[in-house]
Amino acid sequence: MSELSTTKEAGHLESACYICGGQGADSRDHVIPNCFFKSSRPANLLTLRAHYTCHNRFDEEYARCILSGLGSGGSIVAQDLWNSETKRSFERNGSLRNSVRTSLLRKIDLISPAGLIIDQTPAIRIERDRFYPLMRKIVQGMYFHHTGELLPPNFRSAWNLNALLELSGDRRQMLEASRFGLVYPDIFGCRYLVITEESANASVWWPCFYRDVVLRCYVPPRHLWSPLAL
Ligand SMILES: [Zn+2]
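Read on for a plain summary of the structure. (Residues numbered from 1 in each chain as written. Predicted model: local features only at pLDDT ≥ 70, side-chain atom pairs only at ≥ 80, totals over all residues.)

### Looking at the overall build of the chain
Link 1 in the chain: The helix and strand inventory of the chain stands at seven helices and eight strands.
Link 2 in the chain: Burial statistics for the chain: of 230 residues in total, 29% are counted as buried.
Link 3 in the chain: Nonlocal contacts in the chain, meaning residues at least 24 apart in sequence, comprise 58% of its contacts between residues at least 6 apart. (Helix = DSSP H or I, 4+ residues; strand = E, 2+ residues; numbered from the N terminus. Buried ≥ 20, exposed ≤ 12 C-beta atoms within 10 Å, placed from the backbone. Contact = placed C-beta atoms within 7 Å.)

Here it is as C-alpha cells:
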C-alpha cells in the first residue's frame, strides 16, 4: 500500500461514525455515557466520532438505573447514583420506576442469605430493547478503540448479563487469556479477547460496571452474522 493510500485510509476512518460506519460524523460521543459517572468525571473519558443522530438514540438513563441498581451492593458510586440521580429519574418518570423495580425485585429473590447468587438462569428481566443497544454501542466503541477497526452495526452478539456465573471451563480459560482494556476505576472496566481464525475475527468482551456487574458479549466471526441479528 502506498503512503498516499495509507493516509487516505486513515482519513476515511477519521470521519467515519463508529456506530453506523457511515462517513460524515458530525460530533463526538462518549463511549461510556457521562451519566454513568458521579459529578467527578475523569478528564480522559473516551470519545469517538459519530453522527449525532446515531449516538443520541440510546436509553442511557434506563441502563444507568439497571446497572446502578445491580451494582449498589458492592459499589459506593453505584449506591450514590442509585440514591441521587436514579431516584430523581424515578420521581420524573413513574413508568421507568416501575420497570426498573420489577427487574430488580427478582435480583433479591436470587441472592442467598450469604450474598451469593444462587440461580443459574438469567437473573434479571430487563427490557432488552432498551438496554442492549447501548451495550452493543459500548462494544463497538471498545472494538474501535482497541483494534483500530470498525465493528459494523449489524454485528451479531450473544450476551450474558451475569458473566461471573459462568466462569468455569472454556469460559474461564478465555477470560484468563484476555487483555485489560479501558478502565475508569470504580465505574467501568473491560477485558477482551480477539481470536483470529482464517482471517476472520471473533471476539469476547467483558464490560464491568460498578466493580462487580460483569457482562459478557461474544461477537462471532462475520460469516456467522445473520441479517436479523441484534
Ligand atoms: Zn452514524
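### What to know about the packing of helix α3 (residues 60–71) against helix α4 (residues 76–92)
To characterise two packed helices, one gives the angle between the axes of the helices and the distance between these axes.
Link 1 in the chain: The N-to-C vectors of α3 and α4 enclose an angle of 140 degrees; their axes lie 9 Å apart at closest approach. With respect to the hand of their crossing, α3 and α4 are arranged in left-handed fashion. Across the interface between the two elements, E61, R64, C65, S68, G69 and G71 of α3 pack against A78, L81, W82, E85, T86 and S89 of α4.
Link 2 in the chain: Residues that form the contact of α3 with α4 fall into these classes: four nonpolar, five polar and three charged. (Axes fitted to C-alpha atoms, helices over the stretch in contact; angles between N-to-C directions. Left-handed = near helix turned anticlockwise from the far one by under 90°. Nonpolar A, V, L, I, M, F, W, Y, C, P; charged D, E, K, R; others polar.)

### Details of α4
Helical geometry note: an α-helix holds 3.6 residues per turn, so side chains three or four residues apart project in the same direction.
Link 1 in the chain: Between its first and last C-alpha atoms α4 spans 24 Å; for 17 residues at 1.5 Å apiece the expected length is 24 Å, and the two agree.
Link 2 in the chain: At W82, α4 shows its maximal kink, close to 40 degrees.
Link 3 in the chain: What α4 keeps buried is the set V77, A78, L81, W82 and T86.
Link 4 in the chain: Summarising the contacts, the buried residues of α4 are in contact with α3. (Expected span 1.5 Å × (residues − 1). Bend = angle between axes of the 7 residues up to and from the residue.)

### Regarding the nonpolar core
Link 1 in the chain: The biggest cluster of nonpolar side chains holds 46 residues, and the ones touching the most others in it are I66, V139 and W205.
Link 2 in the chain: Taken together, the elements giving at least two residues each to this core come down to α3, α4, α6 (128–147), β5 (188–197), β6 (200–209), β7 (213–214) and β8 (216–219).
Link 3 in the chain: By residue number, the principal contributor to this core is α6, which donates seven residues.
Link 4 in the chain: What I66 contacts, discounting residues up to four positions off in sequence, is V100, S103, I126 and F131. (Core = buried A, V, L, I, M, F, W, Y, C linked by C-beta atoms within 7 Å.)

### Remarks on the pairing of strand β4 (residues 179–184)
Link 1 in the chain: Looking at chain direction, β4 and β5 are connected through four bridges and run antiparallel. The residue of β5 that forms the bridge with Y184 is F188.
Link 2 in the chain: Taken together, β4 and the strand that follows it, β5, pair antiparallel across an intervening segment of three residues, in which D186 is found at a positive phi of about 75 degrees. (Pairing = 2+ DSSP bridges.)

Coordinates in, geometry out; function isn't part of it.
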